[in-house]
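Structure at a glance
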Amino acid sequence: MARTIIQGGMVVTDTDVFPADVLIEDGIVRQVADEIDDVRPDDTLIDAQGKFVLPGAVDVHTHMDLDVGFTRAIDDFYTGTVAAACGGTTTIVDHMAFGPKDCSLWHQVEEYHRLADGRAVIDYGFHGVFQHLHPETLDEMRQIADQEGITSFKVYLTYDYRMNDEDLYQILLAAKDAGIVIAAHCENHGVIQYLRRHYVESGCTEPKYHPLSRPADCEAEAVSRFLRLGHMAGDAPVYVVHLSSAKGLEEVRRVRARHQKGVGIETCTQYLTLTDRLYEDSQEGLKAIMSPPLRKKEDNEALWEGVADGSIDTVATDHCPFHYLAGGAEKQIGKDDFTKCPNGAPGVQERLLMMFTEGVRKGRISLPRLVQLCCSNPARLYGLYPQKGNLMPGADADLVILDPNKSFTFTKDEIRGASDYSLYEGKKMKGDIDLVMQRGNVIVKNHQFLGKKGDGQYLKRRRSDLCF
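The residue numbers shown here count from 1 along each chain, following its written sequence. It should be noted that, the model being predicted, local features are given only for residues of pLDDT at least 70 and side-chain atom pairs only at 80 or more, the latter also being counted only at that level, while totals for whole chains, interfaces and linings use all residues. Think of the side-chain values as coming from all heavy atoms in the structure, minus any hydrogens and water.

1. Focus on the overall build of the chain
- The helix and strand tally for the chain stands at 12 helices and 19 strands.
- For the chain, whose C-alpha radius of gyration is 21 Å, the value lies close to the compact-globule estimate of 23 Å for 468 residues.
- Counting only C-alpha atoms and orienting by the principal axes, one finds that the chain spans roughly 70 × 50 × 45 Å.
- Here the chain, with 468 residues, has 63% of them falling under the buried criterion.
- Look at the contacts in the chain between residues 6 or more apart in sequence, and 77% of them connect residues 24 or more apart.
- Shrake-Rupley sampling with a 1.4 Å probe provides the accessible areas, and residues are treated as covered by the protein chains on show and by no other component. Approximately 17200 Å² of the chain is accessible, and the part contributed by carbon and sulfur atoms is 47%.
- In this count, Lys and Arg are taken as positive residues and Asp and Glu as negative ones, while His and the chain termini are left out. By convention, the point assigned to a charge is CZ for Arg, NZ for Lys, CD for Glu and CG for Asp. Across the chain, the 53 positively charged side chains and the 70 negatively charged ones have centroids separated by 3 Å. In DSSP terms, a helix is any run of H or I states spanning at least four residues, a strand is any run of E spanning at least two, and both are numbered starting from the N terminus. Just to be clear, the radius of gyration here is over C-alpha atoms, and the globule rule we use is 2.2 Å times residues to the power 0.38. Each residue is assigned to one of three classes by its accessible area relative to the maximum for its type, calculated with a 1.4 Å probe on protein chains only: buried under 20%, partly exposed between the two thresholds, exposed over 50%. Only heavy atoms matter for contacts: two residues are in contact if any of them lie within 4.5 Å across the pair.

2. Re a nonpolar patch on the surface
- There is a patch of nonpolar side chains on the surface, built from Val68, Phe70 and Ile333 and spanning about 250 Å² of accessible area.
- Within the secondary structure, Val68 is located in the loop between strand S6 (57-62) and helix H1 (79-86). Within this analysis, patches are made of residues with over 30% relative accessible area and no salt bridge. Like charges are joined at 9 Å or less; nonpolar side chains (Val, Leu, Ile, Met, Phe, Trp, Tyr) at 5 Å or less. Each reported salt bridge corresponds to a side-chain nitrogen of Lys or Arg within 4 Å of a carboxyl oxygen of Asp or Glu.

3. As for the sheet that holds strand S11 (residues 238-243)
- Spatially, 8 strands are ordered S6-S7-S8-S9-S10-S11-S12-S13 in an open sheet, and the strand pairing comes out parallel. Sheet topology places S6 and strand S13 (314-316) at the edges, where each strand pairs with a single neighbour. Neighbour to neighbour, the strand axes of the sheet diverge by 30° on average, direction disregarded.
- Alignment of S6 against strand S7 (residues 89-95), held across 4 bridges, turns out to be parallel. Across the sheet, the residue bridging to Asp59 is Ile92, located in S7.
- For helices, the axis comes from a line fit to the C-alpha atoms of the stretch in contact; other axes are also lines fit to C-alpha atoms, and the angle between any two N-to-C directions lies between 0 and 180 degrees. Contacts from helix H4 (residues 165-178) reach strand S9 (152-156), strand S10 (181-185) and S11 within the one sheet, and its direction differs from that of S10 by about 150°. Two strands make a pair as long as DSSP finds a minimum of two bridges between them.

4. Some points on the packing of aromatic side chains
- Here a pair means two rings of Phe, Tyr or Trp (six-membered ring of Trp) with centres within 6.5 Å. Their orientation is stacked below 30 degrees between planes, edge-to-face above 60, and tilted elsewhere. Within this structure, the stated rule accounts for 15 aromatic pairs.
- Both rings, one in Tyr112 and one in Phe126, keep their centres 5.8 Å apart while their planes meet at 75°; by these two values the pair is edge-to-face. Of this pair, Tyr112 sits in helix H2 (residues 105-116) while Phe126 sits in strand S8 (residues 123-129), and the two are 14 residues apart along the sequence.
- For Tyr112, a relative accessible area of 1% puts it in the buried group.
- With a relative accessible area of 1%, Phe126 lands in the buried category.
- With centroids separated by 5.7 Å and ring planes inclined at 50°, the aromatic side chains of Tyr124 and Phe126 adopt a geometry described as tilted. Across the pair, Phe126 and Tyr124 agree in class, each one buried.
- A connected cluster of aromatic rings, assembled from ring pairs, spans Phe77, Tyr112, Tyr124, Phe126 and Tyr458.
- We count a charge as sitting over a ring when the NZ of a lysine or the CZ of an arginine lies within 6 Å of the ring centre and within 35 degrees of the ring normal. Positioned over the ring face of Tyr78 is Lys453, at 5.3 Å from the centre of the ring.

5. What to know about the packing of helix H7 (residues 216-232) against helix H8 (residues 246-257)
- Closest axis-to-axis distance for the H7/H8 pair is 7 Å, and the angle between their directions is 20°. The angle between H7 and H8 falls in the class roughly parallel. Between H7 and H8 lies a crossing of right-handed hand. Contact residues: H7 offers Ala216, Asp217, Glu219, Ala220, Val223, Ser224 and Leu227, while H8 offers Lys247, Gly248, Glu251, Val252 and Val255.
- A per-class count over the contact of H7 with H8 returns 6 nonpolar, 2 polar and 4 charged. Angles below 35 degrees are treated as roughly parallel, those above 145 as roughly antiparallel, those between 65 and 115 as roughly perpendicular, and all remaining angles as oblique. The hand of a helix crossing depends on one turn: near helix anticlockwise from the far one by less than a right angle means left-handed, and clockwise means right-handed. Side-chain classes are defined by residue name, with Ala, Val, Leu, Ile, Met, Phe, Trp, Tyr, Cys and Pro counting as nonpolar, Asp, Glu, Lys and Arg as charged, and the others, Gly among them, as polar.

6. Comments concerning the nonpolar core
- Among the nonpolar cores identified, the biggest contains 119 residues, and Phe130, Ile182, Phe226 and Leu370 are the most heavily contacted of them.
- Sequence-distant contacts of Phe226, that is, excluding residues within four places in its chain, are made with Val155, Leu157, Leu168, Leu172, Ile182, Ala183, Ala184, Cys186, Val238, Tyr239 and Val240.
- In this description, a nonpolar core means a group of buried Ala, Val, Leu, Ile, Met, Phe, Trp, Tyr and Cys residues linked to one another through side-chain atoms lying within 4.5 Å. Listed in part, the 15 residues of the second largest apolar core include Ile6, Val11, Val53 and Ala397.

7. Brief notes about H8
- To estimate how far a helix should extend, the number of its residues minus one is multiplied by 1.5 Å. In a regular helix each residue adds 1.5 Å, so 12 residues correspond to 16 Å; H8 covers 16 Å between its end C-alpha atoms and thus fits that length.
- Of all the positions in H8, only Gly248, Leu249, Glu251, Val252 and Val255 are classed as buried. Each buried residue of H8 sits inside an arc of 155° when the element is viewed along its axis, so together they form one side.
- As for H8, its buried residues are in contact with H7, S11, strand S12 (263-268) and helix H10 (297-309). What the arc covers is the set of directions going from the helix axis to the C-beta atoms.

8. Structural notes on unusual backbone geometry
- The omega torsion across Ser291 and Pro292 is 0°, close enough to zero to call that bond cis.
- Its location among the elements puts Pro292 in the loop between helix H9 (269-273) and H10.
- Look at the link from Tyr385 to Pro386: it is a cis peptide, with omega at 5°.
- Inspection of the secondary structure puts Pro386 in the loop between helix H12 (367-381) and strand S14 (399-403).
- Even without a glycine there, the phi angle at Asp65 is positive, about 55°.
- Summarising the element assignment, Asp65 is placed in the loop between S6 and H1.

9. Quick look at the side chain of Asp396
- Among the secondary structure elements, Asp396 is positioned in the loop between H12 and S14.
- Using a relative accessible area of 8% as the deciding quantity, one classes Asp396 as buried.
- Identification of polar contacts relies on pairs of N or O atoms within 3.5 Å, with a donor-acceptor requirement for protein atoms, meaning one able to donate a hydrogen and the other able to accept it, and with residues adjacent in sequence counted only if both atoms are side-chain atoms. Within the structure, the side chain of Asp396 is placed 2.8 Å from the side chain of Lys388, a separation counted as a polar contact.
- Setting aside chain neighbours within four positions, we find Asp396 in contact with Gly27, Ile28, Val29, Asp123, Gln387, Lys388, Asn390 and Arg439.

10. What about the packing of H2 against helix H3 (residues 137-148)?
- It is at 9 Å that the axes of H2 and H3 come closest, and there the two elements cross at 35°. Across from Leu105, Trp106, Val109 and His113 in H2, the residues of H3 making contact are Thr137, Glu140, Met141, Gln143, Ile144, Gln147 and Glu148.
- Across the contact of H2 with H3, the residue classes break down as 5 nonpolar, 4 polar and 2 charged.

11. Quick word on the environment of Glu35
- For Glu35, the position within the fold is in the loop between strand S3 (28-33) and strand S4 (44-47).
- Once the C-alpha coordinates of Glu35 and Leu23 are considered, the two residues, 12 residues apart in sequence, prove to be 9.5 Å apart.

Next up, the structure:
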């Protein structure tokens, strides 16, 4: 296989930024040096002068082809991973939907291989999902981790298949013993159910009541409870998904202050950059209905502080798009009652440039911190490092060339997934992605996808850094 040399760029790692050339051979990074001396006649040379060379981004919270019972997310593993690739994400770990009542944990593993294998254009893994605890369930969890490399499972503290504390504690004990991460959607189910019912019965059915029905205190209480249960289970490896609020962050900081081991915390791009003002329009607000909901400007700023000071480990997307007006117009299901609107929005394509624009450009985070949040930390916490999230010799040659001197406005024409809208339409991106490479192959250039359906490889993951 011919070699590729990326010349003259500024390589960004999770600790440093420095001028270097990158030599790629057989899909692997072979050398990172001031200058690659032995350039051969058949080498492919890529000029990265004046540009940053970053590891391919890793998004460990997506929902491709998600079945929510009454409808389905409109990005499958092809269109969703094309969108990811065009945004500089070269690896995803997708959260499985619930399966049939009382199904084994294996049921959804098999279903997700059916959905993703042969369709994904970037590399991918899965998180398992708990929806009950039967006598055989914990053995299935261990088997799946050993045989499939699915070394993380998700629980929900709300929704129909939520885990009660007794069952969750047993899961955490078993996960601690097996070196498996338990991720959790943390919201207080009982209070939310009461508030949703209260608003609907009072005729308050517009999108602006969605955040009122899921207040930040509901998140904070559940975050505290989940992390405390993890501590009670011997500091079991636990991971909070999509932290959305300053109050939730307060609970995280309490846990950090007591030096609890094995804790990972995630927020998402939308909770750093968007606010609940989007819900004020009774139609447009449907686009932003997600759970947890968007919060206040003060929550944005608090989360940026948490991202900067290390309280928060990763930034993901919770990518879960539905059509607004096109196709089945799934978001319109909630036009007369926000509680019926499918939860979720697109975001896998926009994350890296939004973090560069709003984080690096505005001085909130450094370039190495961007790499930590979007590349190396997700890979470390979910058993993909150093193969992914890293540009050192031996890593997969997944990388992004980002030009800080370019800018563009994100419009509908830029959308590469199946969604008919973006929450970031009209946003000026202060930087642009020139090229995306996966395992040595250029899969995106100048906003155009050049890869192939099915080229993504399934990743059997190792144990997380949280387990050690």
